[in-house]
Amino acid sequence: MAVAPFSFERTKHDQSTWAGRTRHFFTVTNPVYLFATEGQLATAKAKLQAFRDGKRGATTDAELWEARTLTDAVLHPDTGVPVPAMFRICAFAPANIPICAGMLMTPQTIGNVLFWQWVNQTYNAGFNYSNRNASGSLTSEKLAGIYAGAMTVSCGIAIGLGQAVKRAPLNAATAAVAGKAGP
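Residues numbered from 1 in each chain as written. Predicted model: local features only at pLDDT ≥ 70, side-chain atom pairs only at ≥ 80, totals over all residues. Heavy atoms only, no water.

(A) Main features of helix α6 (residues 140–167). For α6, spanning 28 residues, the distance from its first C-alpha to its last is 40 Å, which sits close to the expected 40 Å at 1.5 Å a residue. Every buried residue of α6 is listed here: M151, S154, C155, A158 and V165. (Helix = DSSP H or I, 4+ residues; strand = E, 2+ residues; numbered from the N terminus. Expected span 1.5 Å × (residues − 1). Buried < 20%, exposed > 50% of the residue type's maximum accessible area, 1.4 Å probe, protein only.)

Here it is as structure tokens:
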């Protein structure tokens, strides 16, 4: 497949088609970007700056797209600062696997439900904060209130649904399935 000519004005894959959006999704969620080194990032930034300065040299379109993808995957778009690895877009699925496993596979005691809801909401808060619109004006107090609200709602719903399933007149198989739907 031919590589599209490099541009800062558009993405590598055509976003007007389903196939292009799918390719773009798989590109930005590639877990390999979790392991990017500072040296790789510096090289990618240098290639992109040389292109901006009109000094492309022998750098190919493929190399420029890879450099842009790496910088887009690692650097916050507003601040230009690297996003912590566990909060990058490419970490979302791998980080949620153990969280989902913990939520679904541990016994549904109130302690376990509260713990895994706390882990889930804390990860989500860190992820959302790390990928936020940095030009916004949310104060620490406002963020703490949002986090507390999310914790309260998620724990309340999880425990409430768990208790409702226990009290519902369901056969054992239905109760087991319904009990796992509430964490």
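(B) A look at the side chain of S130. Relative to the helices and strands, S130 is located in helix α5 (residues 110–130). Looking at S130, its side chain comes within polar contact range of the main-chain oxygen of G126, at 2.9 Å. (Polar contact = N/O pair within 3.5 Å; in protein donor to acceptor, adjacent residues only side chain to side chain.)

(C) Looking closely at the nonpolar core. Grouped together as the largest cluster of nonpolar side chains are 13 residues, with contacts concentrated most on F6, Y33, L48, L70 and V74. Among the elements that take part in this core, helix α3 (residues 61–74) stands out by supplying six residues, more than any other. Excluding anything up to four places from it in sequence, L48 contacts F6, F8, L64, A67, R68 and T71. Formed by ten residues, the second largest nonpolar core is a distinct cluster that contains F87, A91, M103 and V119. (Core = buried A, V, L, I, M, F, W, Y, C linked by side-chain atoms within 4.5 Å. Contact = heavy atoms within 4.5 Å.)

(D) Just the confidence of the model for the chain, in detail. For the chain, per-residue confidence averages 89 on the pLDDT scale, and 96% of positions sit at 70 or higher. By mean pLDDT, the top-scoring element of the chain is helix α2 (residues 38–52) (95), and the lowest-scoring one is helix α7 (residues 172–180) (73). (pLDDT = per-residue confidence, 0-100.)

(E) Representation of α2. Taking 1.5 Å of rise per residue, the 15 residues of α2 would be expected to cover 21 Å, and the 21 Å separating its terminal C-alpha atoms lies within 8% of that figure. Among the residues of α2, those classed as buried are L41, A44 and L48. Burial along α2 is one-sided: seen end-on, the buried residues are contained in an arc of 65°. In this structure, the buried residues of α2 make contact with α3. Count one or two residues on from α2 and you reach G54, which has phi positive near 75°. (Arc of directions from axis to C-beta.)

(F) Region of the structure containing the environment of T59. Relative to the helices and strands, T59 resides in the loop between α2 and α3. When the C-alpha positions of T59 and Y123 are compared, they lie 38 Å apart, and in sequence the two are 64 residues distant. For T59, the contacting residues outside a window of four places in its chain are K47 and L64.

(G) Layout of the packing of helix α4 (residues 92–105) against α5. Interaxial distance between α4 and α5 falls to 9 Å at its minimum, and their mutual angle equals 165°. When the interaxial angle is binned, α4 and α5 end up roughly antiparallel. As for how α4 packs across α5, the hand of that crossing is left-handed. The segment α4 lies against α5, with F92, A95, N96, P98, I99, G102 and M103 engaging W116, Q117, V119, N120, Y123, N124 and F127. Across the contact of α4 with α5, the residue classes break down as nine nonpolar, five polar and no charged. (Axes fitted to C-alpha atoms, helices over the stretch in contact; angles between N-to-C directions. Parallel < 35°, antiparallel > 145°, perpendicular 65-115°, else oblique. Left-handed = near helix turned anticlockwise from the far one by under 90°. Nonpolar A, V, L, I, M, F, W, Y, C, P; charged D, E, K, R; others polar.)

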